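Descriptive structure summary
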Amino acid sequence: QVQVVESGGGLVQPGGSLRLSCTVSGSIFSIYAMGWYRQVPGKEHELVAVVTSGGATNYADSVKGRFTISRDNAKNTNYLQMNSLKPEDTAKYYCYADVSAGRGYVPIDYWGQGTQVTVSS
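The residue count restarts for each chain, going from 1 along the sequence in the order it is written. For a predicted model such as this one, the threshold for reporting local features is a pLDDT of at least 70, and the threshold for listing and counting side-chain atom pairs is 80 or more; totals across whole chains, interfaces and linings nevertheless cover every residue. Excluded from the side-chain calculation are hydrogens and water; included are all heavy atoms of the structure.

Quick word on the state of the cysteines
Our working definition of a disulfide is a cysteine sulfur pair at a distance within 2.5 Å. Following the criterion strictly, the structure yields one disulfide and no others. One disulfide in the model links C22 with C95; its S-S distance is 1.9 Å. Looking down the S-S bond of the C22 and C95 bridge, the torsion is -80°, so its handedness is left-handed. Placement of C22 in strand β3 (residues 18-26) and of C95 in strand β9 (residues 91-100) is noted, with a sequence separation of 73 residues between them. Of the two residues examined, C22 and C95, each falls in the buried class. Only DSSP runs of H or I with at least four residues qualify as helices, and only runs of E with at least two residues qualify as strands; both kinds are numbered from the N terminus onward. Burial classes follow relative accessibility: with a 1.4 Å probe on protein chains only, a residue under 20% of its type's maximum area counts as buried, one over 50% as exposed, and anything between as partly exposed.

Some points on the pairing of strand β5 (residues 46-51)
Strands were regarded as paired on the criterion that DSSP finds at least two bridges between them. Of the strand pairs in this sheet, strand β4 (residues 30-39) and β5 are connected by five bridges, and their pairing is antiparallel. Within β5, the position partnered with Y37 by the bridge is L47. Between the antiparallel neighbours β4 and β5 lie six residues, among them G42 with a positive phi of about 90°. As paired strands, β5 and strand β6 (residues 57-59) are joined by three bridges and run antiparallel to one another.

Some words on the nonpolar core
As used here, the term nonpolar core means buried Ala, Val, Leu, Ile, Met, Phe, Trp, Tyr and Cys residues forming a set that is joined through side-chain atoms within 4.5 Å. Core analysis: the biggest nonpolar cluster contains 28 residues, and V24, W36, V48, F67, L80, M82 and Y93 have the highest contact counts within it. At five residues, β9 tops the list of elements feeding residues into this core. Those residues in contact with F67 that lie beyond four places of it in its chain are R38, V48, Y59, L80, Q81, M82, N83, L85, D89 and Y93. A contact between two residues is defined here by any heavy atoms of the two lying within 4.5 Å.

A look at the packing of aromatic side chains
Stacked, tilted and edge-to-face are the three classes assigned to paired rings of Phe, Tyr and Trp, where Trp is represented by its six-membered ring and a pair needs centres within 6.5 Å; plane angles under 30 degrees give stacked, over 60 edge-to-face, the rest tilted. Scanning the model with the defined rule gives three aromatic pairs in all. Ring centres of Y37 and W111 lie 5.4 Å apart, and the angle between their planes is 55°; this geometry places the pair in the tilted category. Of this pair, Y37 sits in strand β4 while W111 sits in strand β10 (residues 108-111), and the two are 74 residues apart along the sequence. Arranged with centres 5.4 Å apart and planes meeting at 35°, the rings of Y96 and W111 form a pair that is tilted. With Y96 in strand β9 and W111 in strand β10, the pair connects residues that are 15 residues apart, well separated along the chain.

Here's the deal with the environment of A101
Topologically, A101 is positioned in the loop between β9 and β10. On the basis of relative accessibility, which here comes to 46%, the residue A101 falls in the partly exposed class. Residues A101 and W111, spaced 10 residues apart in sequence, show a C-alpha to C-alpha distance of 15 Å. Apart from residues lying up to four places away in sequence, A101 is in contact with S27 and F29.

Digging into the pairing of strand β8 (residues 77-82)
Counting buried residues along β8, five of its six residues qualify, which places the element largely inside the surrounding structure. Here six bridges tie β3 to β8, and the two strands are oriented antiparallel to one another. Within the sheet, the bridge partner assigned to L20 lies in β8 and is L80. Two successive antiparallel strands, strand β7 (residues 67-72) and β8, enclose a turn made up of four residues, where N76 displays a positive phi of approximately 50°.

Here it is as structure tokens:
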């Protein structure tokens, strides 16, 4: 069993900042990519940011220069620092982790329950 738990969402004013955290626990041999999607009801989910086990990152164009993803491999945790937040960043943010349970095991994506981010004055 693998658990993915997010934290750090909330209500913030436009221009403000939030930091989301995502911790993976359970039967873990190796974690490959970790990242964040977001979804607004009635819209397609959007990949926000991803970080590989080696630290390479990729971002949606809409958040480049404002969001930073990082990870602490020793803690099986990644962080999404969100600065200069805009109302259009309002969404439920979901963390995922690409986890292998053992040597030779095919990695599987595991998802958290999501954390709400609301940007409003």
